[in-house]
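As a plain string of letters, each chain reads:
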Amino acid sequence: MVASAYAIEYVRAFQGRYYRSSARRDRYNYGLQRRVLSDDYDADDRLMLSACCKHFTAYDLEKWGQFTRYNFNAVVTDQDMADTYQAPFRSCIQQGNASCLMCSYNAVNGIPACANHNLLQKARTDWNFRGYITSDCDAVATIYEDQKYTRTPEDAVAAALKAGTDINCGTYMLRHMMSAIEQGKVSEEDIDRALLNLFSVQIRLGLFDGEPREITRQGIVLLKNEQKFLPLDVHAISSLAVIGPLANSTNLGGGYTGVPCNPRSIVGGLQEYVNNIYHAAGCPDIPCNSTNDFAEALSVAKQAEYVIIVAGLDLSQETEDHDRYSLLLPGHQMALVTAVAAVSRKPLILVLTGGGPIDVSFAVGDPRIGSIIWIGYPGEMGGKALSEIIFGHYNPGGRLPMTWYPESFTSIPMSDMNMRADPSRNYPGRTYRFYLGERIYGFGYGLSYTSFTYKLLSAPTKLSLQESINGGRWSNMLHQRSNNLEYVHVDEVLDCSSLRFQVQISITNNGDIYGSEVVLLFSKALKNFKGSPERQLIGFERIHILPHGIAETSFQVDPCEHLSFADEHGNRILPTGDHIIISENIEHVVSIET
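Residues numbered from 1 in each chain as written. Predicted model: local features only at pLDDT ≥ 70, side-chain atom pairs only at ≥ 80, totals over all residues. Heavy atoms only, no water.

Thoughts on the overall build of the protein chain
Right, so step 1: When its secondary structure is counted, the protein chain shows 17 helices and 27 strands.
Right, so step 2: Each principal axis of the C-alpha distribution contributes one length, and for the protein chain these read about 80 × 75 × 50 Å.
Right, so step 3: Scored against the burial criterion, the 594 residues of the protein chain give a buried share of 50%.
Right, so step 4: Within the protein chain, contacts between residues separated by at least 24 positions form 74% of all contacts whose residues are at least 6 apart in sequence.
Right, so step 5: Summed over its atoms, the accessible surface of the protein chain is roughly 28800 Å², and 50% of this surface lies on carbon and sulfur atoms.
Right, so step 6: For the protein chain, the distance from the average position of its 51 positive side-chain charges to the average position of its 66 negative side-chain charges is 3 Å. (Helix = DSSP H or I, 4+ residues; strand = E, 2+ residues; numbered from the N terminus. Buried < 20%, exposed > 50% of the residue type's maximum accessible area, 1.4 Å probe, protein only. Contact = heavy atoms within 4.5 Å. Areas by Shrake-Rupley, 256 points an atom, 1.4 Å probe, with all protein chains shown as cover. Lys, Arg positive; Asp, Glu negative; His and termini not counted. Charge placed at Lys NZ, Arg CZ, Asp CG, Glu CD.)

Structural data, given as structure tokens:
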């Protein structure tokens, strides 16, 4: 019963449900898409992720005596099977609605679990299992190699597939399925049935929904665009040079990245728009410890009408168990960029890769560098998405998710975990909330090919704190603080919901091009408390606006959550008096009155 109850809760929590809400914005969702659990599992079978119940079934032995999990035959009575071994799996599927089952290594009453047709099909026919069945890793191999259940590897993969094992964790099916088909042991119908189960779950996960490049497009940030250098007119370009150690690489993913289905390089993406492309690496790799390849890069830069240079970082510079010691471009990359800029016919486009900030102050003020684009780790769609932005088929709207510090910031020990600035020891603080030093680019920075105008439509100017605090407690608070109530502790506010208010903003697209805008809403207390943030983010939302169109968005502000901060003892305090609500050019004062 306990195993069943936990299985149900795990699966339901993992698989979840989606819904979009513009009306139900509470303090935790900030008006964004939320994931919530739905009790109505029949009305909507979409999945947040696919949860798998394992190991099916009677899998209790790892290695004991002469038995191992690979060769053990679990002899189980019908009675024990029904009310003990199968009970948690039945609950996991019928009540948890799991979308995956994993069959185990062992045999059950003489038949390997992953080749046991009656066992696997019972889940579908009796429990209404709708999902896919996977083997434990290399459990298909054990059918032949350890259980000796079949005469050949081909018989093993055929037995598993026909029994209902849809996919093999491991390589055994990959290595032996083709010969099983050629020998007539597996039919196309057998494969179609497995594919139907697999793709059905992928469809429920939404893996085929929408535009596959959209996540990459939205994540690209335009950092510089002098005199509207971009977008380029694809019909007016005679030639293009693409330079950089990652320019022609298909390895554009970050850490913990899946295997790409159709990897394309940046050069490959640009070739869909421009026929005459020259390419040179310039550096042998991202560390760029040699200038031997500079000459080739300068040569192609001189030949081309426009130049794109791809610089930045990869996992040789930043990854798990490896930190950077510098915020500059690695090795001789900066020298490569400036050398190429000096010989280019027109201002060049600098494309930056990597997951962290880079000090490119040398490029920010250099008129020979017309545009700077940060693509992060864009994955297999990076080349295509970048090309769409460069040639104006997509209007960039990404924002930086972190502050870009100057190289001088590396003098601060990474082991110093303090957020707040401390001028007494020349400590500038960390993150957009507390950092007081110079920035290359700030948190939330990002340009567009169009411009937007913000207008505040509605927001209160005053909030009464007394109405949210019990009368007796209110009197005691005033007495204890000599009627000078500079702040209240958030846990003293009995009804935070009564203080919540809406901020409604309209955004106008001033240009002739469709654009998306990420609206950021910040707050700042006017009273100067020790350790108070310079500003803090309340919410963010991307909106899409037609040329010369107007769109509206709203945020629910919870003062207990969004206008408070932690004091030196870790207690959240809500300052009284004036707070500024900030969004682009909007600065609106909301006063919390006592």
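Back to the write-up after that little detour.
Concerning the nonpolar core
Right, so step 1: Counting 46 residues, the largest nonpolar core has Cys53, Phe56, Leu101, Val157 and Met173 as the members making the most contacts within it.
Right, so step 2: Secondary structure elements with two or more residues in this core: helix H1 (2–15), strand S3 (52–56), helix H3 (87–94), strand S7 (100–103), helix H4 (117–125), helix H5 (139–145), helix H6 (153–163) and helix H7 (172–182).
Right, so step 3: Of all the elements, H6 adds the most residues to this core, at 7 residues.
Right, so step 4: Non-local contacts of Met173, meaning those with residues more than four positions away in its chain, are made with Val140, Val157, Ala160, Leu161, Thr165, Ile167 and Asn168. (Core = buried A, V, L, I, M, F, W, Y, C linked by side-chain atoms within 4.5 Å.)

Points about the sheet that holds strand S9 (residues 111–112)
Right, so step 1: Ordered in space as S6-S8-S9, the 3 strands form an open sheet in which the pairing is mixed. Across the chains shown, the open sheet's two edge strands, defined by having one partner strand only, are strand S6 (73–74) and S9.
Right, so step 2: Direction of pairing for S6 relative to strand S8 (residues 107–108): parallel, over a ladder of 2 bridges. Within the sheet, the bridge partner assigned to Ala74 lies in S8 and is Val108. (Pairing = 2+ DSSP bridges.)

Observations concerning the pattern of salt bridges
Right, so step 1: Scanning all chains against the criterion turns up 24 salt bridges.
Right, so step 2: In this structure, the salt-bridge partner of Arg213 is Glu388, at a minimum N-O distance of 2.9 Å. You can see Arg213 sitting in the loop between helix H8 (188–204) and helix H9 (214–219) and its partner Glu388 sitting in helix H14 (residues 382–390), a full 175 residues away along the chain. For the pair shown, Arg213 and Glu388 are each scored as buried.
Right, so step 3: Note that Glu517 and Arg399 form a salt bridge whose closest N and O atoms lie 3.1 Å from each other. One end of the pair, Glu517, is in strand S21 (residues 515–525); the other, Arg399, is in the loop between H14 and helix H15 (431–434), and 118 residues separate them in sequence. (Salt bridge = Lys/Arg side-chain N within 4 Å of Asp/Glu carboxyl O.)

A closer look at the sheet that holds S3
Remark on secondary structure: sheet strands pair via backbone hydrogen bonds, oriented parallel or antiparallel.
Right, so step 1: Strand order in this open sheet of 3 strands is S3-S7-S10, and the pairing throughout is parallel. Every other strand in the sheet has two partners, leaving S3 and strand S10 (132–135) as the edge strands with one partner each. Taking each pair of neighbouring strands and ignoring which way they run, the sheet shows an average axis angle of 25 degrees.
Right, so step 2: Relative to S10, S7 runs parallel, the two sharing 4 bridges. Residue pairing across strands places Met102 opposite Thr134, the latter belonging to S10. (Axes fitted to C-alpha atoms, helices over the stretch in contact; angles between N-to-C directions.)

Regarding helix H12 (residues 333–343)
Right, so step 1: All of the buried residues along H12 are Gln333, Leu336, Val337, Val340 and Ala341. Looking down the long axis of H12, one finds its buried residues gathered within 130 degrees of arc, a one-sided arrangement.
Right, so step 2: Looking at the buried residues of H12, the elements they touch are strand S12 (240–243), helix H11 (294–303), strand S14 (306–312), strand S15 (348–353), helix H13 (361–364) and strand S16 (369–376). (Arc of directions from axis to C-beta.)

A short note on the confidence of the model for the protein chain
Right, so step 1: A residue-level look at the protein chain finds 93% of positions with pLDDT of 70 or above and a mean pLDDT of 91.
Right, so step 2: Confidence drops under a pLDDT of 50 for residues 18–43, and excluding neighbours within four residues, the segment shows 50 contacts in the predicted structure. (pLDDT = per-residue confidence, 0-100.)

Things to note about the state of the cysteines
Right, so step 1: Taken as a whole and assessed by the stated rule, the structure comprises 6 disulfides.
Right, so step 2: Residue pairing for Cys52: its cysteine sulfur links by disulfide to Cys100, the two sulfurs lying 2.3 Å apart. As the torsion about the S-S bond is roughly -45 degrees, the Cys52-Cys100 disulfide counts as left-handed. Of this pair, Cys52 sits in strand S3 while Cys100 sits in strand S7; the two residues are 48 residues apart in sequence, bridging distant segments of the chain.
Right, so step 3: Residue class for Cys100 comes out buried when judged on its relative accessible area of 1%.
Right, so step 4: A sulfur-sulfur separation of 1.7 Å characterises the disulfide bridge that pairs Cys53 with Cys92. Sign of the S-S torsion, about -60 degrees for the bond between Cys53 and Cys92, identifies this disulfide as left-handed. Highlighted residues: Cys53 in strand S3 and Cys92 in helix H3, separated in sequence by 39 residues. (Disulfide = S-S within 2.5 Å.)

Describing the pairing of strand S25 (residues 572–575)
Right, so step 1: The sheet contact formed by strand S19 (residues 487–489) and S25 spans 3 bridges and is antiparallel. Bridging across to S25, His489 finds its partner in Ile573.
Right, so step 2: With 2 bridges joining them, strand S24 (residues 565–566) and S25 adopt antiparallel strand pairing. Following the sheet pairing, Ala566 is matched in S25 by Arg572.
Right, so step 3: Here S24 folds back onto S25 in antiparallel fashion, the turn holding 5 residues, of which Gly570 has a positive phi close to 85 degrees.

Some words on H14
Right, so step 1: Across the 9 residues of H14, 9 count as buried, placing the element largely inside the fold.
Right, so step 2: Turning to H14, its buried residues number three or more, namely Gly382, Gly383, Lys384, Ala385, Leu386, Ser387, Glu388, Ile389 and Ile390.
Right, so step 3: Where H14 is buried, its residues touch H9, helix H10 (266–270), S14, S15 and S16.
Right, so step 4: One or two positions beyond H14, positive phi appears at Gly392, with a value near 80 degrees.

Some remarks on the packing of aromatic side chains
Right, so step 1: Considering all chains together, one arrives at 20 aromatic pairs under this definition.
Right, so step 2: Look at Tyr59 and Tyr105: their rings are 6.4 Å apart centre to centre, the planes differ by 50 degrees, and that puts the pair in the tilted class. Separated by 46 residues along the polypeptide, Tyr59 in the loop between S3 and strand S4 (63–64) and Tyr105 in the loop between S7 and S8 bring together distant segments of the chain.
Right, so step 3: Centre to centre, the rings of Phe443 and Phe522 are 6.4 Å apart; their planes meet at 80 degrees, and the pair counts as edge-to-face. In this pair, Phe443 is assigned in the loop between H15 and strand S17 (452–458) and Phe522 in strand S21, connecting sequence segments 79 residues apart.
Right, so step 4: Phe443 gets classed as partly exposed once you look at its relative accessible area, which sits at 24%.
Right, so step 5: Among the aromatic residues, those joined into a cluster by ring pairs are Trp374, Trp404, Tyr441 and Tyr445. (Phe/Tyr/Trp six-rings, centres within 6.5 Å; stacked < 30°, edge-to-face > 60°.)

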